Amino acid sequence: MSEEQNLQPVFQIQRVYLKDLSLEQPNSPAIFLEQDAPAIEVAVDVGAEPLAEGIFESTVTITVTAKVGEKVAFLVEGKQAGIFEARNIPAEQLDPLLGIGCPNIVYPYLRANIADMITRAGFPPVHLAEINFEAFYQQRLQSLAQQQEEQQNAAGLVMPDGSAAKH
C-alpha cells in the first residue's frame, strides 16, 4: 500500500511570495495637476521553472502603464511567484497545471499588491480584471507552434541577401 501512496498524484502550494515590485513616476509631481484621466495599458506574462525534483516555481508578471497624453503618470511592474510541489502527475497534465492552475493561484495576490502600490503612490486604484489563464495558455501554445512552423519553413538555403532560396 505504501508503494501505491507514493505513486498518487501530489499537488501542493509550498509558498506564495512577492518576487519583485517596482514603481516609476517620471512626471511627478506635475502629473498630479493633469485633469485628464490616464489611459491604462496592462501587459501580462507567466513563467514556470523546475527548482528541484517535483518542485516548481510559477511566476506571473504584470506591467501597468498609465499615460496622460504622451506623459507617463506611473509604471508599476510586479512579479508574484509561488513554489509548488507537483509529483506523479502525467507529463501531458504537468505543463497545463504550471501554465494555468498555478497562475490562477498566484494572480490574486499580485492584483492586490499592484492595487496597493498604485494607491500608495497617490493615484486612484487600478483594479485589474480577472485573467482567463486557460485562454492565455492556449494563445501561447498557438504562438509557439506558429514560430516553430515559420522556423521550419525558413530552414533551407539562404541567399547572400538573407532571403530564402527559391526552387
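Residues numbered from 1 in each chain as written. Predicted model: local features only at pLDDT ≥ 70, side-chain atom pairs only at ≥ 80, totals over all residues. Heavy atoms only, no water.

Undergrad: Help me understand the overall build of the chain in this model?
TA: The number of helices and strands found in the chain is three helices and four strands. Scanning the chain from its N terminus toward the C terminus, one meets helices and strands in the order α-β-β-β-β-α-α. The 167 residues of the chain split such that 29% are buried. Sequence separation of 24 or more characterises 70% of the internal contacts of the chain that already satisfy a separation of 6 or more. Surface exposure of the chain reaches about 11100 Å², of which carbon and sulfur atoms provide 51%. (Helix = DSSP H or I, 4+ residues; strand = E, 2+ residues; numbered from the N terminus. Buried < 20%, exposed > 50% of the residue type's maximum accessible area, 1.4 Å probe, protein only. Contact = heavy atoms within 4.5 Å. Areas by Shrake-Rupley, 256 points an atom, 1.4 Å probe, with all protein chains shown as cover.)

Undergrad: What is the right way to read the sheet that holds strand β2 (residues 39–52) from this model?
TA: Remark on secondary structure: sheet strands pair via backbone hydrogen bonds, oriented parallel or antiparallel. Strand order in the open sheet formed by four strands is β1-β4-β3-β2, and the pairing between neighbours is antiparallel. Every interior strand has two partners, whereas the edge strands, β1 (10–24) and β2, have only one. For this sheet, the mean angle separating the axes of adjacent strands, direction not counted, is 15 degrees. (Pairing = 2+ DSSP bridges. Axes fitted to C-alpha atoms, helices over the stretch in contact; angles between N-to-C directions.)

Undergrad: Explain the pattern of salt bridges to me, please; I cannot follow it from the model alone.
TA: If the charged atoms of two oppositely charged side chains come close together, the side chains can form a pair. Following the criterion strictly, the structure yields six salt bridges and no others. One salt bridge connects Arg120 with Asp116, and the closest N-O pair in it is separated by 2.8 Å. One end of the pair, Arg120, and the other, Asp116, are both in helix α2 (residues 91–120), four residues apart, so they sit about a helical turn from each other. Residue classification places Arg120 among the exposed residues on the basis of a relative accessible area of 67%. Owing to a relative accessible area of 36%, Asp116 belongs among the partly exposed residues under this scheme. (Salt bridge = Lys/Arg side-chain N within 4 Å of Asp/Glu carboxyl O.)

Undergrad: Sorry if this is basic, but what is going on with the nonpolar core here?
TA: Inside soluble globular proteins, nonpolar side chains tend to come together where they are buried. Core analysis: the biggest nonpolar cluster contains 32 residues, and Val60, Ile62, Phe74, Ile114, Ile118 and Phe133 have the highest contact counts within it. Sorting the residues of this core by element identifies β3 (55–68), β4 (71–87), α2 and α3 (133–154) as the ones contributing at least two each. Take this core: its biggest share by element is ten residues, from α2. (Core = buried A, V, L, I, M, F, W, Y, C linked by side-chain atoms within 4.5 Å.)

Undergrad: I'm lost on the environment of Ser22 in this one. Help?
TA: Examined against the element boundaries, Ser22 turns out to sit in strand β1. Classification of Ser22 as partly exposed rests on a relative accessible area of 28%. Between the alpha carbons of Ser22 and Gly78 there is a distance of 6.4 Å; along the sequence they are 56 residues apart. With near-sequence residues (within four places) excluded, Ser22 lies in contact with Leu75, Val76 and Glu77.

Undergrad: Honestly, unusual backbone geometry in this entry has me stumped. Any pointers?
TA: Excluding glycine, most residues fall at negative phi; most peptide bonds, likewise, are trans. Here Ser28 and Pro29 are connected by a cis peptide whose omega angle stands at 5 degrees. Within the secondary structure, Pro29 is located in the loop between β1 and β2. Phi at Asn88 takes a positive value of approximately 55 degrees, unusual for a residue other than glycine. The topology assignment puts Asn88 in the loop between β4 and α2.

Undergrad: How do you make sense of the side chain of Glu85 when you look at a structure like this?
TA: You can see Glu85 is positioned in strand β4. At 2.8 Å, the side chain of Glu85 forms a polar contact with the side chain of Gln12. Side chain to side chain, Glu85 and Arg87 meet in a polar contact 2.6 Å long. Once residues lying within four places of it in the same chain are set aside, the contact partners of Glu85 are Val10, Phe11, Gln12, Gln14, Gly54 and Ile55. (Polar contact = N/O pair within 3.5 Å; in protein donor to acceptor, adjacent residues only side chain to side chain.)

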